[in-house]
Amino acid sequence: MNRIIIAAVIALLIILGLNSLFVVKQGHSALLLQFGRVLRSDYQPGLHAKIPLMQQVVEFDNRILSLDAQPQQYITAEKKSVNVNFYVKWRIADATAYYGATGGDPLQAAQRLMPLINDALRAQFGEHKLDEIIDGGSQQITEQSRTVADAAARKSLGMEVVDVRIKGIDLPDEVNAAVYKRMRAEQVQVANQLRSAGQEEKTRIQADADRQIVVLKADAERDAEKVRGDGDAQAAAIYAQSYGQDPEFYNFYRSLIAYSTAFKNGKGVLILKPDSEFLRYFDDPSPKH
């Protein structure tokens, strides 16, 4: 019997010993409670002690959590309704305040946080027109909504609103048609601008090509005239040299060129006197030395 009592006492002591220790994991926080009242909340990650049975420990995950909301309907500044699909990123900022507001229940925390987000978004959408929202105003709306909701959540729930992001905005059919029409007009305007710029570039390139053609032709004609002039000068020099060496042969050669030019097409007719100087080599074609 004594052995049973001793074993029971030892087991009880082991249980009490184990119950007096707890571990706070990295990325988590813990509250030490005694009869429902918070005694301590500043625990660092590691092993800690508590009074067994009298004190309890509640642990919280301090990492960023995500809350996907159901699509909500908001009214813009011009009284047009839009359906907004969004999500929220949040985490615990003050474990004591969070526990007091939600009892440490994440579901209850989400239920209490959502009205704050809705109020902030509703106010922001009410200050913006639909055109502003479509043209990129949604980022400003989410930033302002996050700021307002974060201040309210920290104060009443001990929670930090890290981010508010809009996943999509569904517009009414008549608004969709108007948006499509406006976007089409903008694209047509862009296309016309691109077409005009292309035509201008084409004209510039064509004008530059025409200018280069004129310059190339002028340069070619100049070079040709220079070459032709050099050839004529060389020919004249050769003729002069030939004439100086043998005037009679020079005259004979010049007469052959004249005959070739006069009878080139084979249909020419010349009426000359038999003793014409032009026919002097027809009687005696051999040059006289």
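Refer to the preceding data block for the structure.
Residues numbered from 1 in each chain as written. Predicted model: local features only at pLDDT ≥ 70, side-chain atom pairs only at ≥ 80, totals over all residues. Heavy atoms only, no water.

Visitor: Explain the overall build of the protein chain to me, and be specific about the residues and the numbers.
Guide: Across its full length, the protein chain carries 7 helices and 9 strands. In the protein chain, which comprises 289 residues, the share counted as buried stands at 23%. Once local pairs closer than 6 in sequence are excluded, the contacts in the protein chain between residues at least 24 apart make up 63%. Carbon and sulfur atoms make up 56% of the accessible area of the protein chain, which amounts to about 20000 Å² in all. (Helix = DSSP H or I, 4+ residues; strand = E, 2+ residues; numbered from the N terminus. Buried < 20%, exposed > 50% of the residue type's maximum accessible area, 1.4 Å probe, protein only. Contact = heavy atoms within 4.5 Å. Areas by Shrake-Rupley, 256 points an atom, 1.4 Å probe, with all protein chains shown as cover.)

Visitor: Account for the pattern of salt bridges, naming residues and giving values.
Guide: A full pass over the atoms with the stated rule returns 13 salt bridges. Asp-230 is the partner of Lys-226 in a salt bridge, and the nearest nitrogen-oxygen pair spans 3.5 Å. Of this pair, Lys-226 and Asp-230 both sit in helix 5 (residues 173-245), 4 residues apart, which is roughly one turn of that helix. For Asp-230, a relative accessible area of 37% corresponds to the partly exposed category. (Salt bridge = Lys/Arg side-chain N within 4 Å of Asp/Glu carboxyl O.)

Visitor: Tell me about unusual backbone geometry, and please be specific about residues and values.
Guide: Notably, Lys-79 is not glycine yet its phi reads approximately 65°, a positive angle. Overall, Lys-79 belongs to the exposed group, its relative accessible area being 70%.

Visitor: If you had to explain the sheet that holds strand 5 (residues 55-61) to someone new, which residues and values would you point to?
Guide: Reading across from one edge, 3-2-5 is the order of the 3 strands in this open sheet, with antiparallel pairing throughout. Only two strands of the sheet have a single partner each, and these edge strands are strand 3 (37-40) and strand 5. Strand-to-strand twist of the sheet, defined as the mean angle between neighbouring strand axes without regard to direction, takes the value 40°. Bridge count for strand 2 (residues 28-34) against strand 3 is 3 bridges, and the pairing is antiparallel. Bridge assignment links Leu-32 to a residue of strand 3, and that residue is Arg-40. (Pairing = 2+ DSSP bridges. Axes fitted to C-alpha atoms, helices over the stretch in contact; angles between N-to-C directions.)

Visitor: Would you mind going over the packing of helix 2 (residues 95-102) against helix 3 (residues 106-126) in detail, with residue names and values included?
Guide: Between helix 2 and helix 3, the shortest axis-to-axis distance is 9 Å and the interhelical angle comes to 85°. Between helix 2 and helix 3, the interaxial angle falls into the category roughly perpendicular. Of helix 3, the residues touching helix 2 (which contributes Tyr-98, Ala-101 and Thr-102) are Pro-106, Gln-108, Ala-109 and Arg-112. In the contact of helix 2 with helix 3, the residues fall into 4 nonpolar, 2 polar and 1 charged. (Parallel < 35°, antiparallel > 145°, perpendicular 65-115°, else oblique. Nonpolar A, V, L, I, M, F, W, Y, C, P; charged D, E, K, R; others polar.)

Visitor: Describe the packing of aromatic side chains, listing the residues and the values that go with them.
Guide: This model, assessed by the stated rule, comprises 4 aromatic pairs. Consider the rings of Phe-60 and Tyr-98, whose centres lie 5.6 Å apart with planes at 90°: the pair is edge-to-face. One end of the pair, Phe-60, is in strand 5; the other, Tyr-98, is in helix 2, and 38 residues separate them in sequence. Neither residue differs from the other here; Phe-60 and Tyr-98 are each classed as buried. Cluster of aromatic residues (ring-pair linked, three or more members): Phe-60, Trp-90, Tyr-98 and Tyr-99. (Phe/Tyr/Trp six-rings, centres within 6.5 Å; stacked < 30°, edge-to-face > 60°.)

Visitor: Hey, could you go over a nonpolar patch on the surface for me, with residue numbers and the actual values?
Guide: A grouping of Leu-21, Val-23 and Leu-47 is seen on the molecular surface, where their side chains present a nonpolar patch of about 290 Å² in accessible area. Along the chain, the position of Val-23 falls in strand 1 (residues 21-24). (Patch = residues over 30% accessible without salt bridge, like charges linked within 9 Å, V, L, I, M, F, W, Y side chains within 5 Å.)

Visitor: Describe helix 3, naming the residues involved and giving the relevant values.
Guide: The end-to-end C-alpha distance of helix 3, which contains 21 residues, comes to 30 Å, matching closely the 30 Å that a straight helix rising 1.5 Å per residue would cover. Listing the buried residues of helix 3 in full gives Ala-109, Ala-110, Leu-113, Met-114, Ile-117, Asn-118, Ala-120, Leu-121, Gln-124 and Phe-125. Looking at where helix 3 begins, the residue whose side-chain oxygen comes 3.2 Å from the main-chain nitrogen of Leu-107 is Asp-105. (Expected span 1.5 Å × (residues − 1). Polar contact = N/O pair within 3.5 Å; in protein donor to acceptor, adjacent residues only side chain to side chain.)

Visitor: Please set out the pairing of strand 2 residue by residue, giving values where relevant.
Guide: Buried residues dominate strand 2, accounting for 7 of its 7 residues. Pairing of strand 2 with strand 5 involves 7 bridges; the strand directions are antiparallel. Looking at the pairing, His-28 lines up with Asp-61 of strand 5. The turn linking strand 2 back onto strand 3 is made up of 2 residues, and Phe-35 within it adopts a positive phi angle of 55°.

Visitor: Account for the environment of Met-159, naming residues and giving values.
Guide: Structurally, Met-159 can be placed in strand 9 (residues 159-170). On a C-alpha basis, the gap between Met-159 and Ala-93 in space is 4.9 Å, while along the polypeptide they are 66 residues apart. In this structure, Met-159 is in contact with Trp-90, Arg-91, Ala-93, Tyr-98, Ala-109, Leu-113, Asp-150, Ala-153 and Arg-154, ignoring residues within four places of it in sequence.

Visitor: I'd love a proper account of the side chain of Thr-142, names of residues and values included.
Guide: Mapped onto the secondary structure, Thr-142 falls in helix 4 (residues 130-157). Residue classification places Thr-142 among the buried positions, given a relative accessible area of 9%. In this structure Thr-142 touches Val-164, Arg-165 and Ile-166, once residues within four positions along its chain are discounted.

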